[in-house]
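# Summary of the model geometry
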Amino acid sequence: MSEEAKATKELEHLIRSRYSLIYIVSHEESRVIDIVTSIAKKLEMEHFFWTCSRGFTPTSDVHVNIANEGLDQKIYDPKAMLDWLSKNGSLQRSANSHEIYSLLDFHPFIDEVSIKRLLRDISIQFHSEGRTIIFISPLLLLPPELEKDVTVIDWPLPDKNILEEIFQEVYTPIEKKCPNIKKISPLYPKMVEGALGLTANEAENIFVKTSVQLSEDDKLDPIQSILGEKKQVIRK
């Protein structure tokens, strides 16, 4: 079982066990949101994600009831959002609905005194209601007051199998049009290995850039190109 599969199974178990506050450390929020959405569908739960710029967004076609409560502006405020969830319950019209709320980049707000207290209250309330908040952030900033209430998962970077899928999505369409790329196919496994340690988005960008370079220069060493780009990414 891959590291991501293990992390996904662990997350599913936590949600099924009614853990109310989960903190996922990852730069790849889109990939994590997709995984949380797939878990929610499996468990027949609705999944919403929240940002301070857009408020709540459903990951399915359910009706969001926030606007009817007069919070179409205040819902962008993190404390108002948590307060509304605590007092009003489900975002759907149906009562007692089990829901997952993914809060993106919440780390700048989590250390505010009123939010810390509210999250501690919500931790108990949501456990009994079968609702879960998942913080998704590239940084782990967890105040000591919440350490016993929040479960942390360090989301793994893509393994070789995931990078191989990304690589094939990039190169399969291109190699039909470009002989320079097709003739280096024996190097594909080494090119994928060279991207280990990168996020999915970083790997995809590097694969695309290398394919563009190869289409113009048939003497380019693709492995050295990928390793060079990887060095630049790690430098950041």
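Since this is a predicted model, take the numbers as computed values, not measurements.

## Side note on the overall build of the chain
- Looking only at helices and strands, the chain features 9 helices and 6 strands.
- Burial analysis of the chain (236 residues in total) assigns 46% to the buried set.
- Within the chain, contacts between residues separated by at least 24 positions form 74% of all contacts whose residues are at least 6 apart in sequence.

## Regarding the packing of helix α5 (residues 160-175) against helix α8 (residues 200-216)
- Contact geometry for α5 and α8: axes closest at 10 Å, N-to-C directions at 30°. Considering the angle they form, α5 stands roughly parallel to α8. The handedness of the crossing between α5 and α8 comes out as right-handed. Taken together, the residues of α8 that come into contact with α5 (itself represented by Leu163, Ile166, Phe167, Val170, Tyr171 and Ile174) are Ala200, Ala203, Glu204, Phe207, Val208, Thr210, Ser211 and Leu214.
- Its residues assigned to classes, the contact of α5 with α8 comprises 11 nonpolar, 2 polar and 1 charged.

## Notes on the packing of aromatic side chains
- Within this structure, the stated rule accounts for 12 aromatic pairs.
- Measuring from ring centre to ring centre gives 5.8 Å for Tyr23 and Phe135, while their planes differ by 45°; the resulting arrangement is tilted. Here Tyr23 is found in strand β1 (residues 21-25), whereas its partner Phe135 is found in strand β5 (residues 132-137), with 112 residues between them in sequence.
- Using a relative accessible area of 1% as the deciding quantity, one classes Phe135 as buried.
- Between the aromatic rings of Phe106 and Phe135, the centroid separation amounts to 5.5 Å while the plane-to-plane angle is 40°, which identifies the pairing as tilted. Pair noted here: Phe106 is in the loop between β4 (99-104) and α4 (113-129) and Phe135 is in strand β5, with a separation of 29 residues, a long-range link.
- Members of the aromatic cluster, each reached through a chain of ring pairs, are Tyr23, Trp50, Phe106, Phe109 and Phe135.

## Considering the confidence of the model for the chain
- Scored by pLDDT, the chain comes out at a mean of 85, with 88% of its residues at no less than 70.
- pLDDT under 50 marks residues 66-73. Its contacts with residues more than four places away, or in other chains, come to 11 contacts.

## As for the pairing of β4
- Where burial is concerned, most of β4 is hidden: 6 out of the 6 residues are buried.
- By the alternation rule, side chains of β4 split into Glu99, Tyr101 and Leu103 and Ile100, Ser102 and Leu104, which are all buried.
- Judged from the 5 bridges that link them, β4 and β5 form a sheet pairing that is parallel. Bridging across to β5, Leu103 finds its partner in Phe135.

## Digging into the side chain of Gln125
- Inspection of the secondary structure puts Gln125 in helix α4.
- With residues near it in sequence (within four places) discarded, Gln125 still touches Leu85, Ser86 and Arg131.

## A short note on the nonpolar core
- Core analysis: the biggest nonpolar cluster contains 25 residues, and Leu82, Leu103, Phe106, Leu119 and Ile133 have the highest contact counts within it.
- Those elements giving two or more residues to this core turn out to be β1, β2 (46-51), α3 (78-88), β4, α4 and β5.
- In terms of residues, this core owes the most to one element, α4, which gives 5 residues.
- Counting residues in each nonpolar core, the second largest holds 21 residues, with Ile162, Phe167, Val192 and Val233 among its members.

## Regarding the sheet that holds strand β3 (residues 55-58)
- Spatially, β3-β2-β4-β5-β1-β6 is the arrangement adopted by the 6 strands of the open sheet, whose pairing is mixed. The open sheet has two edge strands with one neighbour each: β3 and β6 (151-154). Neighbour-to-neighbour, the strand axes of this sheet turn through a mean angle of 25°, independent of strand direction.
- Pairing geometry for β1 and β6, over 4 bridges, is parallel. Among the inter-strand pairings, Ile24 is bridged to a residue of β6, identified as Ile153.
- Strands β2, β3, β4 and β5 of the sheet are contacted by α3, whose axis makes an angle of about 175° with β4.

Criteria and cut-off values
- Residues numbered from 1 in each chain as written.
- Predicted model: local features only at pLDDT ≥ 70, side-chain atom pairs only at ≥ 80, totals over all residues.
- Heavy atoms only, no water.
- Helix = DSSP H or I, 4+ residues; strand = E, 2+ residues; numbered from the N terminus.
- Buried < 20%, exposed > 50% of the residue type's maximum accessible area, 1.4 Å probe, protein only.
- Contact = heavy atoms within 4.5 Å.
- Axes fitted to C-alpha atoms, helices over the stretch in contact; angles between N-to-C directions.
- Parallel < 35°, antiparallel > 145°, perpendicular 65-115°, else oblique.
- Left-handed = near helix turned anticlockwise from the far one by under 90°.
- Nonpolar A, V, L, I, M, F, W, Y, C, P; charged D, E, K, R; others polar.
- Phe/Tyr/Trp six-rings, centres within 6.5 Å; stacked < 30°, edge-to-face > 60°.
- pLDDT = per-residue confidence, 0-100.
- Pairing = 2+ DSSP bridges.
- Core = buried A, V, L, I, M, F, W, Y, C linked by side-chain atoms within 4.5 Å.

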